[in-house]
Amino acid sequence: MTHYQLVSRNKYKSGAIVLVFIVFIVGAAYLMTQAFGYGLDVVGWALVFSGITSFGSYYFSDKIILSLSGAREANRAEFFDFYTVTENICSGQKLRLPKLYVIDDSAMNAFATGRDPDHAVVCVTTGLLSRLNRAEIEGVVAHELAHIKNYDIRLMSIVTVLVGLVALLSDWLLRMTYWRGRGRDRDAGQIQAIIFVAGLVLAILSPLIAQLIKLAISRRREFLADAAGVAMTKNPGGLINALQKLDRDREPLEAANKATAHLYISDPLKNSKGAVHLFAKMFATHPPIEERVAALKNIS
């Protein structure tokens with residue numbers, strides 16, 4: 001399979017998951033509002049409120065994440081390979097050079113953030129730079145630039161808003177139903193009672209389901225960034241070797257947390273080692289590195 005076929009396949013799968021997510025949200029919102037006897041205006045207000053609160057964090061996401069991570073700006077003299085590798089890839093791909101930052105931590109990891117390619121940041125740990133050779137650094141940087149080029153940060157921001165909408169809507173409906181529950185008609189029809197119970201169950205489970213779909217999208221975008229990054233460098237071995245070294249590194253990144261874990265090239269919290277069963281995979285922010293390496297080795 002060629003680089004471009006793998007990228008195309010991953011884009012298709014990502015789009016399919018996003019479509020399922022949108023259908024789920026629309027269907028869940030409609031069923032919950034109908035079951036509890038509320039109009040669709042509740043959904044509208046929930047969307048407005050969720051959108052306003054999420055816009056600020058999205059607009060200033062790079063500054064917030066860099067501050068939380070304790071990152072500092074990288075300079076060309078101190079981090080020559082990191083700086084020049086990024087310059088070379090951006091020149092070849094006609095991308096604007098992102099701002100480059102480093103985190104002083106011996107753990108190996110990297111992430112990209114920002115609203116769009118014109119307001120982007122690539123950040124790596126000093127541990128990664130000290131333990132990877134230039135070809136491996138190139139593979140990691142290309143992976144992060146692929147996230148920027150594919151607008152993954154924007155996509156995940158939209159998905160986060162949608163997850164927040166589902167959680168907010170279910171919380172509102174459950175609270176309002178509790179206060180209105182005492183006044184419900186005891187003689188309501190059996191069908192209406194079944195619809196009500198279904199809506200209640202959905203209101204309780206929908207935030208969890210939405211979060212699982214979000215994680216599935218995040219994992220799929222990692223496969224896409226791997227393939228797109230290799231398409232930039234034409235050197236699968238660089239990224240494969242880098243991922244294998246990342247997999248062997250068992251040191252958690254102190255600056256990372258559950259809210260930012262999905263941004264990194266590999267799980268910074270090191271929660272997924274040995275968790276190979278289906279249940280564990282469903283709650284993982286990243287696909288197993290063995291699967292990512294296997295996919296890259298199939299590239300011809």
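Just so you know, these numbers come straight off a predicted model, no measurement behind them.

## Details of the confidence of the model for the chain
No. 1: In this model, the chain carries a mean pLDDT of 79, and residues with pLDDT of at least 70 account for 66%.
No. 2: Ranking the elements of the chain by mean pLDDT puts helix α2 (residues 41–59) last, at 60, and helix α5 (residues 126–131) first, at 97.

## Concerning helix α9 (residues 236–248)
No. 1: The end-to-end C-alpha distance of α9, which contains 13 residues, comes to 19 Å, matching closely the 18 Å that a straight helix rising 1.5 Å per residue would cover.
No. 2: For α9, the set of buried residues is Gly238, Leu239, Ile240, Ala242, Leu243, Leu246 and Asp247.

## Describing a nonpolar patch on the surface
No. 1: Taken together, the side chains of Val201, Ile204, Leu205 and Ile209 make up a nonpolar region of the molecular surface, amounting to roughly 320 Å² of accessible area.
No. 2: Secondary-structure assignment places Ile204 in helix α8 (residues 190–233).
No. 3: The class of Ile204 is exposed, set by a relative accessible area of 54%.

## Focus: the side chain of His262
No. 1: With respect to the element layout, His262 can be found in the loop between α9 and α10 (278–282).
No. 2: Excluding anything up to four places from it in sequence, His262 contacts Met156, Ser218, Glu222, Thr285 and His286.

## Focus: the pattern of salt bridges
No. 1: Following the criterion strictly, the structure yields nine salt bridges and no others.
No. 2: The closest approach of N and O atoms between Asp81 and Arg134, which form a salt bridge, is 2.9 Å. Taken as a pair, Asp81 in helix α4 (residues 80–93) and Arg134 in helix α6 (residues 134–149) lie far apart in primary sequence, 53 residues in all.
No. 3: Residue classification places Asp81 among the partly exposed positions, given a relative accessible area of 31%.
No. 4: Looking at Arg134, the relative accessible area reads 33%, which means it is partly exposed.
No. 5: The salt bridge partner of Arg131 is Asp249, with a shortest N-O separation of 3.6 Å. You can see Arg131 sitting in helix α5 and its partner Asp249 sitting in the loop between α9 and α10, a full 118 residues away along the chain.
No. 6: Owing to a relative accessible area of 39%, Arg131 belongs among the partly exposed residues under this scheme.

## Structural notes on the nonpolar core
Soluble globular proteins tend to pack their nonpolar side chains together in the buried interior.
No. 1: Counting 39 residues, the largest nonpolar core has Phe82, Leu128, Leu129, Leu145 and Leu243 as the members making the most contacts within it.
No. 2: Not counting residues up to four positions away in its chain, the partners in contact with Leu145 are Thr86, Ile89, Cys90, Leu95, Pro98, Val122 and Met232.
No. 3: Of all hydrophobic cores here, the second largest spans 14 residues; its members include Phe111, Leu253, Ala256 and Leu263.

## Quick notes on the packing of α6 against α9
No. 1: Put simply, α6 and α9 touch, their axes get as near as 7 Å, and they point 90° apart. With respect to each other, α6 and α9 are oriented roughly perpendicular. Residue-level contacts link Ala135, Glu136, Gly139, Val140 and His143 of α6 to Gly238, Leu239, Asn241, Ala242 and Lys245 of α9.
No. 2: Classifying every residue of the contact of α6 with α9 by side-chain character gives four nonpolar, four polar and two charged.

## Overview of the environment of Phe283
No. 1: Tracing the sequence through the fold places Phe283 in the loop between α10 and α11 (289–297).
No. 2: Through-space distance from the C-alpha of Phe283 to that of Lys214 is 9.8 Å; in sequence the pair is 69 residues apart.

Basis of the calculations
- Residues numbered from 1 in each chain as written.
- Predicted model: local features only at pLDDT ≥ 70, side-chain atom pairs only at ≥ 80, totals over all residues.
- Heavy atoms only, no water.
- pLDDT = per-residue confidence, 0-100.
- Helix = DSSP H or I, 4+ residues; strand = E, 2+ residues; numbered from the N terminus.
- Expected span 1.5 Å × (residues − 1).
- Buried < 20%, exposed > 50% of the residue type's maximum accessible area, 1.4 Å probe, protein only.
- Patch = residues over 30% accessible without salt bridge, like charges linked within 9 Å, V, L, I, M, F, W, Y side chains within 5 Å.
- Areas by Shrake-Rupley, 256 points an atom, 1.4 Å probe, with all protein chains shown as cover.
- Salt bridge = Lys/Arg side-chain N within 4 Å of Asp/Glu carboxyl O.
- Contact = heavy atoms within 4.5 Å.
- Core = buried A, V, L, I, M, F, W, Y, C linked by side-chain atoms within 4.5 Å.
- Axes fitted to C-alpha atoms, helices over the stretch in contact; angles between N-to-C directions.
- Parallel < 35°, antiparallel > 145°, perpendicular 65-115°, else oblique.
- Nonpolar A, V, L, I, M, F, W, Y, C, P; charged D, E, K, R; others polar.

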